[in-house]
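# Commentary on secondary and tertiary structure
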Amino acid sequence: MNSTLDKFFGGKQGGIGLLILAALLLLVFPLLLDSFRLNMVGKYLTYAFVAVGLVLCWGYGGILSLGQGIFFGLGGYCMAMFLKLEASDPESTRIQSTPGIPDFMDWNQITELPLFWQPFQSFSFTLLAVVAVPAILALIIGVAMFKRRVGDVYFSIVTQAIAAILTILIIGQQGLTGGVNGITDLKTLLGWDIRTDEAKTILYFVNAALLIGCILIGRFILTSKLGRLLMAMRDKEERVRFSGYDVASFKIFVFCVAASFSAIGGAMFTLQVGFMSPSFVGIVPSIEMVIFAAVGGRMSLLGAVYGALLVNYGKTVFSESFPELWLYFMGGLFIAVVMYFPNGLAGLWQSHARPWLARVRLPDRRQPSMKPKPPAEQPGAGGATIDAVPAKQLESTP
């Protein structure tokens, strides 16, 4: 029982860190922030799903994916398709030339709902598709790359290319995807208005709970034998392969897990923000997601969450104050972290904050006295001690 709990919480220190994060997300933020700011934090937390996935595949698996926006966007689009179909009932779209289909399809002279849209009329299918569609695409990419031993920088370039291709495809198929504007005007979820402050607050708590669940799953993976194998593959891949392990299969698995986490974040983004567009799929957002993990610490699941919160808050502040310079700030931040703080915020905590707290908590103990201790008494003849015998008697003793 204790070993299972350790796998989920990462030991005593990991459990304390997770409790602090849960208290911050579930108690402190809701009590201190108004509805608007709380919804912004919820939006930031959707990016934390991607950062947590990157800790698994990049920090521990050594797989740097620069296309995680692909899976974030796919999860978001799956949820947006269901919400758009619910908002496009015949009564609400009666002024269109073809009622019952999304407005952007009517604008592009499409007269019936495309075949691949039809399953998304079911909420159960949508929930399954949010996780399954990105995972299947990650499986295809992983098999194509890792089975052929394509890795390192080449894999990063390929994921960037796929992100660019998917963005162009979404924008080009305007009648099927909403084009550059994306899927907008999302109003209800199973008849529940998601635009109200109360709904956004509830969605925030759902978002936070799902994020904590993903962290627990990540902890379970990293504290298992698979986690040790991932680190071994990252450092000495050939040695692990020569030991008889199927390195490609392990890489494919962790890449699919990271893709699923990203997709859940994308779905929650759609619910909280109310739209999904190709601007969250391309190369730039994918690189920003890597920055979240790098700043928080690519070896720390909790650090990735703090990194996503901090960078996105900074992005909001700088984009409002310096709209022409904030992209340079983001690039400079990434370079500085990689060069001077390779383990991010989590590394600073381990190397500076934790030792300082340990010194503060230690009691102020007195220094041991330097005065030599008297020699121990040893029994002499007749049971008397040597110190009890007079000195003259000792001198006269043969």
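None of the values given here were measured: they were computed from a predicted structure.

### Here we look at the overall build of the chain
For the chain, the count of helices and strands is 17 helices and two strands. Each of the 398 residues in the chain was classed as buried or not, and the buried ones make up 45%. The long-range fraction of contacts in the chain, counting pairs at least 24 apart against all pairs at least 6 apart in sequence, stands at 76%. Looking at the chain as shown, the accessible area adds up to about 21,500 Å², and 65% of this sits on carbon and sulfur atoms.

### Comments concerning a nonpolar patch on the surface
Where nonpolar side chains cluster on the molecular surface, the patch consists of Leu26, Leu27, Val28, Leu31, Leu32 and Phe205 and spans about 570 Å² of accessible area. A per-element tally of the nonpolar patch places helix α2 (residues 11-32) first, with five residues. Structurally, leucine 31 can be placed in helix α2. Judged by its relative accessible area of 70%, leucine 31 is exposed.

### Regarding the packing of aromatic side chains
Applying the stated criterion to the full structure yields 16 aromatic pairs. Between phenylalanine 146 and phenylalanine 255, the ring centres sit 6.2 Å apart and the planes meet at 90°, which makes this aromatic pair edge-to-face. Of this pair, phenylalanine 146 sits in helix α6 (residues 123-146) while phenylalanine 255 sits in helix α12 (residues 247-273); the two residues are 109 residues apart in sequence, bridging distant segments of the chain. Phenylalanine 255 carries the same exposure label as phenylalanine 146, and that label is buried. A network of ring pairs unites the aromatic residues Tyr47, Phe72, Phe269, Phe275, Phe280 and Phe292 as a single cluster.

### A closer look at the nonpolar core
Counting residues in each nonpolar core, the largest one holds 107 residues, and the members touching the most others are Leu45, Leu211, Ile215 and Val305. Element by element, the count of residues in this core is highest for helix α3 (residues 35-60), at 17 residues. Ignoring any residue separated from it by four or fewer positions in sequence, one finds valine 305 in contact with Leu21, Leu45, Ala48, Val52, Leu211 and Ile215.

### A short note on the confidence of the model for the chain
Averaged over all residues, the pLDDT of the chain equals 83, while 83% of them reach at least 70. The low-confidence segment residues 377-398, where pLDDT is below 50, has eight contacts with residues more than four positions distant or belonging to other chains.

### With respect to the environment of threonine 98
With respect to the helices and strands, the residue threonine 98 is situated in the loop between α4 (68-87) and α5 (103-107). Residues threonine 98 and threonine 111, 13 residues apart in the sequence, show an inter-C-alpha distance of 5.9 Å. Sequence-distant contacts of threonine 98, that is, excluding residues within four places in its chain, are made with Asp106, Ile110 and Thr111.

### Some points on the pattern of salt bridges
One pass over the full model with this rule turns up ten salt bridges. Taking the shortest distance from any N to any O, the salt bridge between lysine 84 and aspartate 103 comes out at 3.3 Å. In this pair, lysine 84 sits in helix α4 while aspartate 103 sits in helix α5, placing the two residues 19 residues apart along the sequence. Accessibility classification places lysine 84 together with aspartate 103 in one group, the buried group. Here lysine 147 and aspartate 246 are joined by a salt bridge, their closest N and O atoms 3.5 Å apart. Placement of the pair is lysine 147 in the loop between α6 and α7 (152-172) and aspartate 246 in the loop between α11 (237-242) and α12, with a sequence separation of 99 residues. Given a relative accessible area of 45%, lysine 147 falls into the partly exposed group. For aspartate 246, a relative accessible area of 39% puts it in the partly exposed group. Connected through shared salt-bridge partners, Glu237, Glu238, Arg241 and Lys251 make up one network.

### Details of α3
With 26 residues, α3 should reach 38 Å at 1.5 Å per residue; the first-to-last C-alpha distance of 36 Å fits that figure. Taken as a whole, α3 carries its principal kink of about 35° at leucine 54. Counting buried positions along α3 yields 22 of 26 residues, so the element is predominantly enclosed. Where α3 terminates, the next one or two residues include glycine 62, which has phi positive at roughly 75°.

### A closer look at the packing of helix α13 (residues 283-296) against helix α15 (residues 326-340)
For the pair α13 and α15, the least separation of the axes is 10 Å and the interaxial angle reads 45°. Relative to α15, the element α13 lies oblique. Between α13 and α15 lies a crossing whose hand is left-handed. Each of Glu288, Val290, Ile291, Ala294 and Val295 in α13 lies in contact with α15, whose residues at this interface are Trp326, Leu327, Met330, Leu333, Phe334 and Val337.

### Quick look at the environment of glutamine 96
Structurally, the position occupied by glutamine 96 is in the loop between α4 and α5. Judged by its relative accessible area of 14%, glutamine 96 is buried. Sequence-wise, glutamine 96 and tryptophan 107 are eleven residues apart; in three dimensions their C-alpha atoms are separated by 8.7 Å. Ignoring sequence-local partners within four residues, the contact set of glutamine 96 consists of Ile101, Pro102, Asp103 and Asp106.

Definitions and limits used
- Residues numbered from 1 in each chain as written.
- Predicted model: local features only at pLDDT ≥ 70, side-chain atom pairs only at ≥ 80, totals over all residues.
- Heavy atoms only, no water.
- Helix = DSSP H or I, 4+ residues; strand = E, 2+ residues; numbered from the N terminus.
- Buried < 20%, exposed > 50% of the residue type's maximum accessible area, 1.4 Å probe, protein only.
- Contact = heavy atoms within 4.5 Å.
- Areas by Shrake-Rupley, 256 points an atom, 1.4 Å probe, with all protein chains shown as cover.
- Patch = residues over 30% accessible without salt bridge, like charges linked within 9 Å, V, L, I, M, F, W, Y side chains within 5 Å.
- Salt bridge = Lys/Arg side-chain N within 4 Å of Asp/Glu carboxyl O.
- Phe/Tyr/Trp six-rings, centres within 6.5 Å; stacked < 30°, edge-to-face > 60°.
- Core = buried A, V, L, I, M, F, W, Y, C linked by side-chain atoms within 4.5 Å.
- pLDDT = per-residue confidence, 0-100.
- Expected span 1.5 Å × (residues − 1).
- Bend = angle between axes of the 7 residues up to and from the residue.
- Axes fitted to C-alpha atoms, helices over the stretch in contact; angles between N-to-C directions.
- Parallel < 35°, antiparallel > 145°, perpendicular 65-115°, else oblique.
- Left-handed = near helix turned anticlockwise from the far one by under 90°.

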